[in-house]
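# Topology and contacts: notes
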Amino acid sequence: MHERTIATLQQLEMADWFINVGIEDTKTALVLSSWHAAVEHCSSAEWENLCMEAANQYRERLLEKSEERFSKWNEIVDEIKPITEMLVKRRIDAIVEMHNLPVVFEQTVQWDMLHVCMEAEFADVYQPGFYASLAYWYTKGHFPCGWEGEFPKGRIIVF
């Protein structure tokens, strides 16, 4: 695992996830007011499609830049995924229990953290983008969970 990825994991570990959910402390995002609304947004087909498309676009750019490095993608996922799974589990178990959140919430956070780290891992080949921007919101204590408007215009939706 690259030093960048280790540093990214350390930064995520030190951040106070979800400490600012529902707090309107930004004008650059639409801030939701409930976990119910956040789960509704993160489980929407539009958000899931946007996140999948962002991951696919990143992999396509990576392949264009370096077939050799791209060929290591699955191997690196296998190395990083257990680490991000443990990180997410530690960070969200209490919130899931306290708010009775559905499994889609955990799946969303798991996907996001894995892809944050994958962008960090390959940053020397292709710059981080979409998932690094989601990591910003996690480290600011919010839950990024949707998009308002047509991407890339519009703005992120957070709780």
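First things first, this report covers the structure right here in the doc. (Residues numbered from 1 in each chain as written. Predicted model: local features only at pLDDT ≥ 70, side-chain atom pairs only at ≥ 80, totals over all residues. Heavy atoms only, no water.)

### Brief notes about the environment of Val-109
- Along the chain, Val-109 falls in helix 6 (residues 103–121).
- Along the backbone, Val-109 and Tyr-138 are 29 residues apart, and their C-alpha atoms lie at a distance of 9.5 Å.
- Not counting chain neighbours up to four residues away, the residues in contact with Val-109 comprise Trp-17, Phe-18, Val-88, Ile-92, Tyr-138 and Phe-143. (Helix = DSSP H or I, 4+ residues; strand = E, 2+ residues; numbered from the N terminus. Contact = heavy atoms within 4.5 Å.)

### Regarding the packing of helix 2 (residues 35–42) against helix 6
- Here helix 2 crosses helix 6 at 60 degrees, and the two axes come no closer than 10 Å. By the criterion of interaxial angle, the relationship of helix 2 to helix 6 is oblique. Considering only the axes of helix 2 and helix 6, their crossing is left-handed. Here Trp-35, Val-39 and Cys-42 of helix 2 come into contact with helix 6, specifically with Val-104, Phe-105 and Thr-108. (Axes fitted to C-alpha atoms, helices over the stretch in contact; angles between N-to-C directions. Parallel < 35°, antiparallel > 145°, perpendicular 65-115°, else oblique. Left-handed = near helix turned anticlockwise from the far one by under 90°.)

### What to know about a nonpolar patch on the surface
- Among the surface-exposed residues, Met-1, Ile-6 and Ile-83 lie close enough to one another that they form a single nonpolar patch of about 200 Å² accessible area.
- Considering the arrangement of structural elements, one finds Ile-6 in helix 1 (residues 3–14). (Patch = residues over 30% accessible without salt bridge, like charges linked within 9 Å, V, L, I, M, F, W, Y side chains within 5 Å. Areas by Shrake-Rupley, 256 points an atom, 1.4 Å probe, with all protein chains shown as cover. Salt bridge = Lys/Arg side-chain N within 4 Å of Asp/Glu carboxyl O.)

### Some remarks on the packing of aromatic side chains
- Evaluation of the coordinates by the stated rule reveals 18 aromatic pairs.
- Here Phe-18 and Phe-143 contribute two aromatic rings whose centre-to-centre distance is 6.1 Å and whose plane-to-plane angle is 70 degrees, an arrangement assigned as edge-to-face. You can see Phe-18 sitting in the loop between helix 1 and strand 1 (30–31) and its partner Phe-143 sitting in the loop between helix 7 (130–139) and strand 2 (144–148), a full 125 residues away along the chain. When sorted by exposure, Phe-18 lands in the same class as Phe-143, which is buried.
- Judged by centre distance (4.8 Å) and plane angle (70 degrees), the rings of Trp-35 and Phe-159 are edge-to-face. Taken together, the residues span a long stretch of sequence, with Trp-35 in helix 2 and Phe-159 in the segment after strand 3 (155–158) at a distance of 124 residues.
- Residue classification places Phe-159 among the buried residues on the basis of a relative accessible area of 5%. (Phe/Tyr/Trp six-rings, centres within 6.5 Å; stacked < 30°, edge-to-face > 60°. Buried < 20%, exposed > 50% of the residue type's maximum accessible area, 1.4 Å probe, protein only.)

### Thoughts on the sheet that holds strand 3
- Sheet architecture is open: three strands sit in the order 1-3-2, paired in mixed fashion. Pairing within the sheet leaves two strands with one partner each, and these edge strands are strand 1 and strand 2.
- Bridge analysis of strand 1 against strand 3 gives two bridges, and the strand direction is parallel. Bridge pairing in strand 3 links Leu-30 to Ile-157. (Pairing = 2+ DSSP bridges.)

### Thoughts on the pattern of salt bridges
- Enumeration according to the criterion identifies seven salt bridges in this entry.
- Two residues, Arg-61 and Glu-64, come together in a salt bridge whose shortest N-O distance is 3.0 Å. Here Glu-64 and Arg-61 lie together in helix 3 (residues 45–65), a separation of three residues that amounts to about one turn.
- One continuous salt-bridge network, built from bridges that share partners, spans Arg-4, Arg-69 and Asp-124.

Fair warning: the whole summary comes from geometry, so function is off the table for now.
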